[in-house]
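Fold and contact review
Letter by letter, the chains look like this.
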Amino acid sequence: MTSSRLGSSRRSMLLLPATVISMGALCLAACGQASSSSIELTAANTRKDSFSVIVDQYSKANNQANELLSIVRQNDDEQGTAAAIDDADFRLSRDAGYQTAQGTSYQPFYEELDRAVSVGTTKKSYPRLLVTVDAQYTSNPSKANDSACRFLGVFAKNSHSAPWRVTDEPTVTKSLLPKVEIAVGNQGIIPSRTSSLSIPITRLAKYYSLALTTYFQEGVLSRGLKQADFSTAAKCWSLPQLSTNPYVSPSSSQRLATSAVVTAPSPHMVALTTANGGALAVFTLHVDLISSSGKNSAFTWSHRATDPDSYLLPAASGLHSIQIPLLFDIAVYDPPVAASKVAPRVVGSYWGPLLGGTETHQAPLDA
């Protein structure tokens, strides 16, 4: 968990003639459009004392890593997508001269367990937890649960003796989280391949990779994506609004062709059956962000102090195109077929750029 958790944006600079493009601006999703008035991830008989210890240990370790930008310490409490996004964030922050995850000063993240549900294990996997945590930068820990936002964390163990580590960590809107069906104790029910869902559980990741690619390339909202997902009216979670070039300043006379291709990198998914027969799923998507210069123009990638994302690529001029990989943690509510008037809904996300993008010194196109 880093400073971009609740929407504080990091900015990088691409410089064109009379043009400044910011690659780190976040468009924040609105909190409305819940499928009922009071839905939340909950279990009446949650073993809150045990889960609170796990969350407290994670919170302390993660805050230590954030305070020192320590990748080693961070990897003691994170792995998978969460670690990949935050490791890149730490490296970029260091390159920009940051001393902590928040820049030159440090304020700890206060976290308070809301609810936790365990995910059933198989012979091939170790236990996993799906927890919701109220988290907020605040000088008063008691104020953490005043936020409308919630950290939806997937905790996993690599062995029975290994520590719990966070693998996925989308930030979600409290009012959008559905109740989860509990089988015994605090164990949630995993949707089956034959569950009657609006989108078959086996196709969910592919479905949303296509939906996001369509939006990022054509500006068409479909497949459970709504305009509210790209609004700046709330502070919970974010998706980049690539198709309308939000990275180009309003005063710019030029526009880059900016798009993205989204893929589901693996079938990895954590999903629980909701109380109404739907599903709440958390999975990862891979995004290739592509920007190309217009005719008879080229742009320069320039590093700027205190601007972490400007260090994603080596400084260079005369570029025709760049490609930067990103990872998305995404949380989706998939309603049952019986709820025909309820659309599938993205309820949260966490995303960040990775190092290792490509740049093309191709000559600008002729007019």
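Residues numbered from 1 in each chain as written. Predicted model: local features only at pLDDT ≥ 70, side-chain atom pairs only at ≥ 80, totals over all residues. Heavy atoms only, no water.

Quick word on the overall build of the protein
Defined as follows: A run of DSSP states H or I qualifies as a helix once it reaches four residues; a run of E qualifies as a strand once it reaches two. Both are numbered from the N-terminal end. Remark: exposure states derive from per-residue accessible area (1.4 Å probe, protein chains only) relative to the maximum for the residue type, with buried under 20%, exposed over 50%, and partly exposed in between. Should any heavy atoms of two residues lie within 4.5 Å, those residues are considered in contact. The method behind every accessible area is Shrake-Rupley, applied with a 1.4 Å probe, and residues are considered shielded solely by the protein chains displayed.
For the protein, the helix and strand inventory stands at four helices and 16 strands. Considering the protein as a whole, with its 367 residues, one finds that 54% of them fall into the buried category. By sequence separation, contacts in the protein at least 24 residues apart represent 71% of the contacts at least 6 residues apart. For the protein, the accessible surface area stands at approximately 15,200 Å², while carbon and sulfur atoms represent 51% of it.

Concerning the environment of R165
As a reminder of what qualifies: Nitrogen and oxygen atoms within 3.5 Å of one another constitute a polar contact, given that in protein one can donate a hydrogen and the other can accept it, and given that sequence-neighbouring residues count only through two side-chain atoms.
Note on placement: R165 falls in strand β6 (residues 165-168). For the pair R165 and N75, spaced 90 residues apart in sequence, the C-alpha to C-alpha distance is 8.3 Å. Excluding residues that lie within four positions of it along the chain, R165 makes contacts with N75, D76, D77, E78, Q79, V154, F155, A156 and N158. In this structure the side chain of R165 is engaged in a polar contact, spanning 3.2 Å, whose partner is the backbone oxygen of N75.

Comments concerning the side chain of T100
Take T100: it is sitting in the loop between α3 (80-95) and β3 (109-119). Of note is the side chain of T100, whose polar atom sits 3.0 Å from the backbone nitrogen of Q102. What T100 contacts, discounting residues up to four positions off in sequence, is N66, E67, L69, S105 and Y106.

As for the environment of P200
Position of P200 among the secondary structure elements: in the loop between β8 (187-188) and α4 (204-218). Taking C-alpha positions, P200 is 9.9 Å from V337, a pair spaced 137 residues apart along the chain.

As for unusual backbone geometry
Unlike most non-glycine residues, L69 shows phi in positive territory, near 50°. Note on placement: L69 falls in the loop between α1 (48-68) and α2 (71-77). What makes L69 buried here is its relative accessible area of 1%. The residue T306 is not glycine, and still its phi comes out positive at about 65°. Along the chain, T306 falls in the loop between β12 (299-301) and β13 (316-319). Classification of T306 as exposed rests on a relative accessible area of 55%.

What to know about the packing of aromatic side chains
For the record, the criterion: Two aromatic rings, drawn from Phe, Tyr or Trp (for Trp, its six-membered ring), form a pair once their centres lie within 6.5 Å of each other, and the interplanar angle then sorts them: stacked below 30 degrees, edge-to-face above 60, tilted otherwise.
Enumeration according to the criterion identifies five aromatic pairs in this entry. Measuring from ring centre to ring centre gives 6.0 Å for Y215 and F216, while their planes differ by 65°; the resulting arrangement is edge-to-face. With respect to class, Y215 is no different from F216; both count as buried. Aromatic rings pair up to connect Y58, F151 and F155 into one cluster.

Overview of α4
Working note: α-helix, 3.6 residues per turn, so residues spaced by three or four point in the same direction. The test is simple: By this rule, a helix spans an expected 1.5 Å times one less than how many residues it contains.
Taking 1.5 Å per residue, 15 residues should reach 21 Å; α4 reaches 21 Å between its end C-alpha atoms and fits that length. Turning to α4, the residues buried within the fold contact β9 (257-263), β10 (269-273), β11 (279-292), β14 (321-334) and β15 (345-353). G219 sits one or two positions beyond α4 and adopts a positive phi of about 70°.

Structural notes on the nonpolar core
Here is the rule we go by: Take the buried Ala, Val, Leu, Ile, Met, Phe, Trp, Tyr and Cys residues and link them wherever side-chain atoms come within 4.5 Å; each set so joined is a nonpolar core.
One finds L204, Y208, L212, F283 and L285 to be the most contacted residues of the largest nonpolar core, which totals 32 residues. Mapped onto this core, the elements with two or more residues apiece are α4, β9, β10, β11, β14 and β15. Considering every element that reaches this core, the biggest residue donor is α4, with eight residues. When sequence neighbours within four positions are dropped, the list of residues in contact with Y208 reads I199, R223, G224, L225, F283, L285, V332, P344, R345 and V346. Residues V117, V270, L272 and Y333 belong to the second largest nonpolar core, which totals 16 residues.

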